[in-house]
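# Inside the fold
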Amino acid sequence: MTSAGSARIPSASPNWLAAWISRNGLMLAIVASIFGLWELASWAFAVPEYVLPKPSVIVGTMITSWRLLLLHAAVTFQEVLLGFTMSIVIGIPLAIAVVYSRLFERIAFPFMVSLQTVPKVALAPILVMWLGYGIMPKVMVAFLISFFPIVINAVIGMRSAEKEMIYLVRSMGANELTTFIKIRLPKALPSIFGGLKVGIGQAVVGAVVGEFIAAEYGLGYLQLMAQVRLDTALLFAAVVVLSLLGVMMFNVVAWVERLMLPWNRLATGATE
Amino acid sequence: MIQGAGKVAADGSPAPAAQRGGDRAVSVNIQGVSKSYRTLRGEDVQALDTVDLAIEPGEFIAIVGPSGCGKSTLMMLVSGLIPATTGTILVGDTPVNGPITSAGIVFQRDLLLDWRTVLDNVLLPVEIRKLDPASHLQKAKDLLASVGLSEFEDRYPAELSGGMRQRVSICRALVQDPDLLLMDEPFGALDALTREQMNQDLQRVWLRSRNTVVFITHSIDEAVYLADRVIVMSSRPGKIADIIKVDLPRPRRSTVRSDKRFIDHVEHIRQHFMALGILKDD
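Procedures and definitions
- Residues numbered from 1 in each chain as written.
- Chains lettered and ligands numbered in written order.
- Predicted model: local features only at pLDDT ≥ 70, side-chain atom pairs only at ≥ 80, totals over all residues.
- Heavy atoms only, no water.
- Helix = DSSP H or I, 4+ residues; strand = E, 2+ residues; numbered from the N terminus.
- Buried < 20%, exposed > 50% of the residue type's maximum accessible area, 1.4 Å probe, protein only.
- Contact = heavy atoms within 4.5 Å.
- Areas by Shrake-Rupley, 256 points an atom, 1.4 Å probe, with all protein chains shown as cover.
- Lys, Arg positive; Asp, Glu negative; His and termini not counted.
- Charge placed at Lys NZ, Arg CZ, Asp CG, Glu CD.
- Domains from an automatic or database assignment.
- Buried area = accessible area lost by both parts, 1.4 Å probe.
- Salt bridge = Lys/Arg side-chain N within 4 Å of Asp/Glu carboxyl O.
- Polar contact = N/O pair within 3.5 Å; in protein donor to acceptor, adjacent residues only side chain to side chain.
- Nonpolar A, V, L, I, M, F, W, Y, C, P; charged D, E, K, R; others polar.
- pLDDT = per-residue confidence, 0-100.
- Pairing = 2+ DSSP bridges.
- Axes fitted to C-alpha atoms, helices over the stretch in contact; angles between N-to-C directions.

A count of helical and extended segments in chain A gives twelve helices and zero strands. Each helix and strand of chain A, ordered N terminal to C terminal, gives the series α-α-α-α-α-α-α-α-α-α-α-α. By its C-alpha atoms, chain A is 75 × 55 × 30 Å across when sized along the principal axes. For chain A, the residues scored as buried account for 40% of the 272 residues in total. If you take every contact in chain A between residues at least 6 apart in sequence, the share linking residues at least 24 apart comes to 72%. Working note: accessible area of chain A is about 14,700 Å², and carbon and sulfur atoms make up 71% of it. Of the side-chain charges in chain A, 18 are positive and 12 negative, and the distance between the mean point of each set is 8 Å.

If you want it as C-alpha cells, here you go:
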C-alpha cells in the first residue's frame, strides 16, 4: 500500500516525496530491517516453513492467492463496515438522549456501562446460535464491541461545553436546538472521533472473532482453514491482509476527522 | 452627574457614534435584590444580601470586592441567567425574568469557539440572533480593527495569545451594539502589562459605543481607571459597602494612574478593604 502511494507521487511532485520520506523514512527502515532479520534468521537457523515462514514466502503466498484473500477480505470488510455503521447510527443518537434526558442518563447509561463489562466476545457463540452462519452474527459482534467507545466518548464530548459558554449563547437568545448545533455538537466532535477511532479497530476484532466461531467466508474463517491444513504461510498472509484492512479503515476515519476538523490540530498543538 | 459631564464633553466634540451609543444605552435598577442558594449538602447559603443600586444609561460601573462577595452573582442576576431570590431588577423599563438578550457578556474565560475563525467568532451573536449578516460583517471588522486584530480575522483562536483572545471576545460582545455590557473579571487571567493595554483598549471602544457597563474586577486600580462609579462590596453575605464617584476626565491615559485624584481614590478603596479586614498589614 505504501509503495504504491510513493510510486504514484514522484512525477507529480518530488518535494512531496522528499517530505514523505523524511517523515516516514525511519519507520520504513525499521520495518524493513525487522523483515530482513526475520528472513535472514529463518534461513540461517533453517526454521521449518510450517513453524515460521520467511517473509518472502508470505509475500509469495499473498501474490499467488490474491483472489482467495481478496474474496475473504471483502466479506470481513463488509461485516466491519456494517457493524461500525450500526454503532454510529445507533450510538450517536443514544448519546444525545443520554445528554438531554434525565431518564436515559439515570437508567440507560448505567445499564450500558455495566453491559460494557460483559466480554462481547463471549456473546459471539450465542449470536451465532440465534442468527446463523451468515454475516449477521459477525456484524452484531462488531457492532456490540465498537458501540461502547463511540457512545461513551460522544457523551463525554457533548458534556464538555463550559457552563459559561452555555450561559453566553442563552443570553444571545439561543434555544436548546441552536445550542446543540452551534456549541455542543462541534465541541464534541474531537471526542466523538476519538471514539470512532477506537471503535473501528474494535469492530475488526469483533468481526474476526465472529468468523472464528462459525463462518463460511471471511479472513477469520480463512485462517481457521489454513490452520487445519497447516498452511502457515497462508495463515500469516491472512494476518497481513487483516492488518492492512484495519489500518486502512482507521486511516479513513482519521482522514475524515482531518477533513472535518482542520482547526483541531491547531487547538491540540498536534502539527505535522 | 459625572457621567452626564462625560457625555457633554463627548457631544461637544464631533462624535456621532458616541451619541448614538449613548441613546441606546439603558438604565439598570436593582431593587432589594438578594440571592441565596442551596449547596449540595443541603445548606442554604446567602451569596448576596439585599442590594439596591441605580445605574444610569451609559454609565460605566465597576464592582470591586474580595472573592466570594457575590459580585459575579450580582452580574448573573442582572443578565437574567440565574433568578434572584428576592427583589426586582429593571433593565430599562423591563423587569428581568429570564435571560435578557439585549446584553453583551464577557467572562474571565474568553470562551471562543475553537472551530470558528476570529471573524466568525465575533459574528456568533449575529448568527444566533438572526440579525442581518451583511451590515454586521462590517461592524465586526471595524471592531477587530479597533483592537488591532484586522490581520487575524481568518485565524483560529488557537493561533492567538491570551490577550488577543480576550479582545476577540469583547468584540463578540459588542458586535450587536448591546445596550448593556456585562463583564465578569474579563482581564483576570492576563498578565499585568497586557491588562493595562486592555484597559485602554476597552475605554477607547467604550467611548465610541457608550453603552451601560457593569464591570466586575478585583483590581482596585483597574476599577478606578475604567469606571464612572466604583461599587465596593464586602463579603459573606455580599453587600455594597461604599460607592465612589471617579471624577477623572476621559479619555484617561495610562499616566492618570500617577494623578493625585487617582491615587486618592485607590487609597480610599484600599482603606475600605483594610477596615473590612480583607486587607491586613503585618
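Turning to the domain arrangement of chain A, a few remarks are in order. All names here are of chain A. When its domains are assigned, chain A resolves into domain 1 (1-47) and domain 2 (54-267). Averaged C-alpha coordinates put domain 1 and domain 2 at centres separated by 29 Å. Counting residues at the interface gives six residues for domain 1 and six residues for domain 2. When domain 1 packs against domain 2, the two sides together hide about 570 Å² of surface, and 77% of this comes from carbon and sulfur. Where domain 1 packs against domain 2, one counts zero salt bridges. The tally of links between domain 1 and domain 2 comes to one residue pair in polar contact (both at pLDDT 80 or more). When grouped by side-chain class, the residues that make up the side of domain 1 that touches domain 2 number four nonpolar, one polar and one charged.

With that out of the way, let us pick up the interface of chain A and chain B. Taken together, the contact between chain A and chain B spans 20 residues of the former and 24 residues of the latter. For the pair chain A and chain B, the summed buried area comes to about 2,100 Å², and 75% of that belongs to carbon and sulfur atoms. Taken together, chain A and chain B are joined by two salt bridges. Residues Lys 182 of chain A and Glu 127 of chain B are paired through a salt bridge, measuring 2.5 Å at the closest nitrogen-oxygen approach. At the boundary of chain A and chain B, one finds two residue pairs in polar contact (both at pLDDT 80 or more). It is helix H8 (residues 163-171) of chain A that provides the largest number of residues to the side of chain A that touches chain B, a total of seven residues. Partitioned by chemical class, the residues of the side of chain A that touches chain B number twelve nonpolar, three polar and five charged.

In many reports, interface size means the accessible area that the parts give up when they come together. All names here are of chain B. Per the domain assignment, the segments making up chain B are domain 1 (2-102 + 179-188 + 206-275) and domain 2 (104-177). Each side of the interface is counted separately: domain 1 has 21 residues, and domain 2 has 14 residues. Summed over both sides, the interface between domain 1 and domain 2 buries roughly 1,300 Å², with carbon and sulfur atoms accounting for 53% of that surface. In this structure, the connection of domain 1 to domain 2 is made through zero salt bridges. Linking domain 1 with domain 2 are seven residue pairs in polar contact (both at pLDDT 80 or more). Listed by contribution, the elements that provide at least two residues to the side of domain 1 that touches domain 2 are helix H2 (16-24), helix H3 (71-79), strand S7 (180-184) and helix H8 (192-209). The element that contributes the greatest number of residues to the side of domain 1 that touches domain 2 is S7, accounting for five residues. A breakdown of the residues in the side of domain 1 that touches domain 2 according to their chemical character gives nine nonpolar, six polar and six charged.

This next bit is on the confidence of the model for chain B. Residues and elements named next belong to chain B. For chain B, mean pLDDT is 86; residues scoring 70 or higher make up 91% of the total. Averaged over each element, pLDDT in chain B is lowest for helix H1 (residues 2-12) (39) and highest for helix H4 (residues 118-122) (96). In this model residues 1-21 is a low-confidence stretch, pLDDT under 50, and it forms 27 contacts with partners more than four residues away in sequence or in other chains.

The subject of this paragraph is the sheet that holds strand S6 (residues 103-106) of chain B. Residue and element names in this part refer to chain B. One open sheet accounts for six strands, arranged S6-S7-S8-S3-S9-S10; its pairing is mixed. The sheet is open, and its two edges are formed by S6 and strand S10 (239-245), each paired on a single side. Averaged over all adjacent pairs, the angle separating strand axes in this sheet is 15°, with direction ignored. Pairing of strand S3 (residues 60-64) with strand S9 (residues 229-234), which is carried by four bridges, proceeds in the parallel orientation. What sits directly across from Ile 61, in S9, is Arg 229.

Residue and element names in this part refer to chain B. Here four strands make up an open sheet; going across it, the order is S2-S1-S4-S5 and the pairing antiparallel. Edge positions in the open sheet fall to strand S2 (44-55) and strand S5 (94-95), since each of these has one partner strand only. The pairing of strand S1 (residues 28-38) with strand S4 (residues 86-91) spans five bridges and is antiparallel. Bridging from a neighbouring strand, Asn 29 pairs with Leu 90 of S4.

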